[in-house]
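Each chain, letter by letter, is given below.
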Amino acid sequence: MKLKYSVFLGNVGNCFDRYCAEYSAPFTMEELFDRATSIGKLSAVDLVMTEEMMANKAQIKECLAKTGLKVGSLAVDTFANPIYKKGSLSSTEKEIRDRAIADSKAVIDFASEIGCDIVTLWPGQDGYDYIFSADYIKERTLFADGVEELCRYNPKVTITLEYKIKEPRTHSYISTVGSTLLMIEKIGLPNLGIALDYGHAALGYETPAEAVAMCSMYGNRLKHIHINDNYRLWDDDMIVGTVHTLEYLEFFYWLKRTGYNGYLVIDQFPYREDGRDAVSESAEWLDVLQEAAEKIDQKEAEEILGKRDGVAASKFMRKILFGR
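Residues numbered from 1 in each chain as written. Predicted model: local features only at pLDDT ≥ 70, side-chain atom pairs only at ≥ 80, totals over all residues. Heavy atoms only, no water.

Novice: Honestly, the packing of helix α8 (residues 208–217) against helix α9 (residues 245–258) in this entry has me stumped. Any pointers?
Specialist: Between two packed helices, both the angle of their axes relative to each other and the distance between the axes serve to describe the pair. It is the contact of α8 with α9, at a shortest axis distance of 8 Å, that shows an interaxial angle of 15°. Regarding the angle of α8 to α9, the classification is roughly parallel. As for the relative orientation of α8 and α9, their crossing is right-handed in sense. Where α8 approaches α9, its residues Pro 208, Ala 209, Val 212, Ala 213 and Ser 216 are matched on the opposing element by Glu 247, Glu 250, Phe 251, Trp 254, Leu 255 and Thr 258. Residue composition of the contact of α8 with α9, grouped by class: 7 nonpolar, 2 polar and 2 charged. (Axes fitted to C-alpha atoms, helices over the stretch in contact; angles between N-to-C directions. Helix = DSSP H or I, 4+ residues; strand = E, 2+ residues; numbered from the N terminus. Parallel < 35°, antiparallel > 145°, perpendicular 65-115°, else oblique. Left-handed = near helix turned anticlockwise from the far one by under 90°. Contact = heavy atoms within 4.5 Å. Nonpolar A, V, L, I, M, F, W, Y, C, P; charged D, E, K, R; others polar.)

This is the structure in structure tokens:
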């Protein structure tokens, strides 16, 4: 079964980093939707609900109606707004936590309005930078309490936690698949899961396929996937499959084996490439990688895994890629 593709809306537009404020001309929201629609392999967009986006909900609805695109998920902005520079749900200041809860609930409400059943939290500012600068138990507990409140607010909407080992903080509380699954297990609610970012897993020196398997083992918690590539030294957000082609084959094998049927959300920052073209190329790679993984014989794969032999695994990968 071919998985559905989405894209973060801004990724088909222009990008910036701390060195260059603008790599190309800006696009209007309508133009971004039109660029996404022009990539025929996409059926949805994912939206980061900044204050500006929340103020333009009517226009978002108009663009969705015009283009026929669905919404894969809405992401709460608890990372770009400077009020969260020392944390959102984990903040030791009650007024900041209350604001984070209010912002998140407003996004959950909008998700219900537009028929979206996933709201993603990427707590990029929830962590610490220096030794002796954080109360790990207190702040993790505050974060978990906030997530639990959001899950209970609307049980029909799934809250997904997107983990990342670091950046913008030097250490993130939601950092690895293991630490995230532990928190989810502690909270224990059914509408709570993981948004697995392939690049974040690679950056944290995880094997993304193993992360998929772990999510399946511990409560079937994989609910959303962000897809990109990098060299493992940084969250480069490159075109899918251009670096870790072989690892992607195993990744898709485990997605199929564990029955994942959610979106693959293209999440990349094509600074010097045209955003629309780079996203389109990722969609092409996703097709090719899925087609290759579909050809894997389940029984043969299990036999190879059971051997635990590097040479046999190498021959198997070569067979998948080149047929010999």
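Novice: Sorry, what's going on with the pairing of strand β9 (residues 222–227) here?
Specialist: Put simply, side chains in a regular strand alternate between the two faces of the sheet. The buried fraction of β9 amounts to 5 of the 6 residues, a majority that puts the element mostly inside the structure. Bridge count for strand β8 (residues 192–197) against β9 is 4 bridges, and the pairing is parallel. Residue Asp 197 lies in a different strand from β9, and its bridge partner there is His 226. Here 3 bridges tie β9 to strand β10 (residues 263–266), and the two strands are oriented parallel to one another. If you follow His 226 over to β10, its bridge partner there is Val 265. In the classification by handedness, the crossover that spans β9, the intervening α9 and the parallel β10 is right-handed. (Buried < 20%, exposed > 50% of the residue type's maximum accessible area, 1.4 Å probe, protein only. Pairing = 2+ DSSP bridges. Right-handed = clockwise from strand over helix to strand, strands pointing away.)

Novice: Explain helix α5 (residues 136–153) to me, please; I cannot follow it from the model alone.
Specialist: Because the α-helix completes a turn every 3.6 residues, residues three or four places apart line up on one side. With 18 residues, α5 should cover 26 Å at 1.5 Å per step; its first-to-last C-alpha distance of 26 Å lies within 8% of that length. Within α5, burial applies to Glu 139, Leu 142, Phe 143, Ala 144, Gly 146, Val 147, Leu 150 and Cys 151. In this fold, the buried residues of α5 make contact with α4 (94–113), β4 (118–121), β5 (127–128), β6 (158–161), α6 (177–187) and β8. (Expected span 1.5 Å × (residues − 1).)

Novice: What is the right way to look at the nonpolar core in this model?
Specialist: Soluble globular proteins tend to pack their nonpolar side chains together in the buried interior. If you look at the biggest cluster of nonpolar residues, it comprises 85 residues, and the most contacted ones within it are Leu 47, Ile 227, Leu 255 and Leu 264. If near-sequence neighbours (up to four positions away) are discounted, Leu 264 is found in contact with Leu 3, Lys 4, Tyr 5, Ser 6, Ile 225, Ile 227, Phe 252, Leu 255, Leu 286 and Gln 290. (Core = buried A, V, L, I, M, F, W, Y, C linked by side-chain atoms within 4.5 Å.)

Novice: What's the story with a nonpolar patch on the surface in this structure? I'm lost.
Specialist: Residues Leu 246, Met 317, Leu 321 and Phe 322 make up a contiguous nonpolar surface patch of about 370 Å² in total accessible area. Among the elements that line the nonpolar patch, the one with the most residues is helix α12 (residues 310–322), at 3 residues. Its location among the elements puts Leu 246 in helix α9. The exposure class assigned to Leu 246 is partly exposed, which follows from its relative accessible area of 39%. (Patch = residues over 30% accessible without salt bridge, like charges linked within 9 Å, V, L, I, M, F, W, Y side chains within 5 Å. Areas by Shrake-Rupley, 256 points an atom, 1.4 Å probe, with all protein chains shown as cover. Salt bridge = Lys/Arg side-chain N within 4 Å of Asp/Glu carboxyl O.)

Novice: I tried to follow the packing of α9 against helix α10 (residues 275–294) on my own but got confused; where do I start?
Specialist: Two numbers describe how α9 lies on α10: the axes approach to 9 Å, and their chain directions differ by 65°. Here the hand of the crossing between α9 and α10 comes out right-handed. In this structure, α9 uses Thr 245, Tyr 248, Leu 249, Phe 252, Tyr 253 and Lys 256 to contact α10, whose residues at the interface are Trp 285, Leu 286, Leu 289, Gln 290, Ala 292, Ala 293 and Glu 294. When grouped by side-chain class, the residues that make up the contact of α9 with α10 number 9 nonpolar, 2 polar and 2 charged.

Novice: Got a minute to help me understand the side chain of Glu 162 in this structure?
Specialist: Residue position: Glu 162 is located in the loop between β6 and β7 (171–172). Nearest to the buried, unbridged Glu 162 among oppositely charged side chains is Lys 164, at 7.3 Å. Here the side chain of Glu 162 touches His 226 through a polar contact of 3.2 Å, side chain to side chain. Once residues lying within four places of it in the same chain are set aside, the contact partners of Glu 162 are Thr 120, Leu 121, Trp 122, Pro 123, Ile 174, Ala 195, Asp 197, His 200, His 226 and Asp 267. (Lys, Arg positive; Asp, Glu negative; His and termini not counted. Polar contact = N/O pair within 3.5 Å; in protein donor to acceptor, adjacent residues only side chain to side chain.)

Novice: Any chance you could explain α10 here in plain terms?
Specialist: The terminal C-alpha atoms of α10, which comprises 20 residues, lie 29 Å apart, in line with the 28 Å expected from a rise of 1.5 Å per residue. The inward-facing, buried residues of α10 contact β1 (4–7), α1 (29–37), β9, α9, β10 and α12. The opening residue of α10 is Asp 274, an N-cap whose side-chain oxygen sits 3.1 Å from the backbone nitrogen of Arg 276.

Novice: Honestly, the packing of aromatic side chains in this entry has me stumped. Any pointers?
Specialist: The relation between two aromatic rings is expressed through the spacing of the ring centres and the mutual angle of the planes. What the rule picks out here adds up to 11 aromatic pairs. With a centroid separation of 6.1 Å and an interplanar angle of 25°, the aromatic rings of Tyr 248 and Phe 252 are classed as stacked. Of this pair, Tyr 248 and Phe 252 both sit in helix α9, separated by 4 residues, roughly a single helical turn. Phe 252 carries the same exposure label as Tyr 248, and that label is buried. Aromatic side chains Phe 251 and Phe 252 sit 5.8 Å apart centroid to centroid with 80° between the ring planes, which places their arrangement in the edge-to-face category. The exposure class of Phe 251 is buried, given its relative accessible area of 0%. Ring pairing ties together the aromatic residues Tyr 198, Tyr 248, Phe 251 and Phe 252, which thus form one cluster. Geometry around Tyr 263 places Lys 4 over its ring, the cationic atom sitting 4.3 Å from the centre. (Phe/Tyr/Trp six-rings, centres within 6.5 Å; stacked < 30°, edge-to-face > 60°. Lys NZ or Arg CZ within 6 Å of the ring centre and 35° of its normal.)

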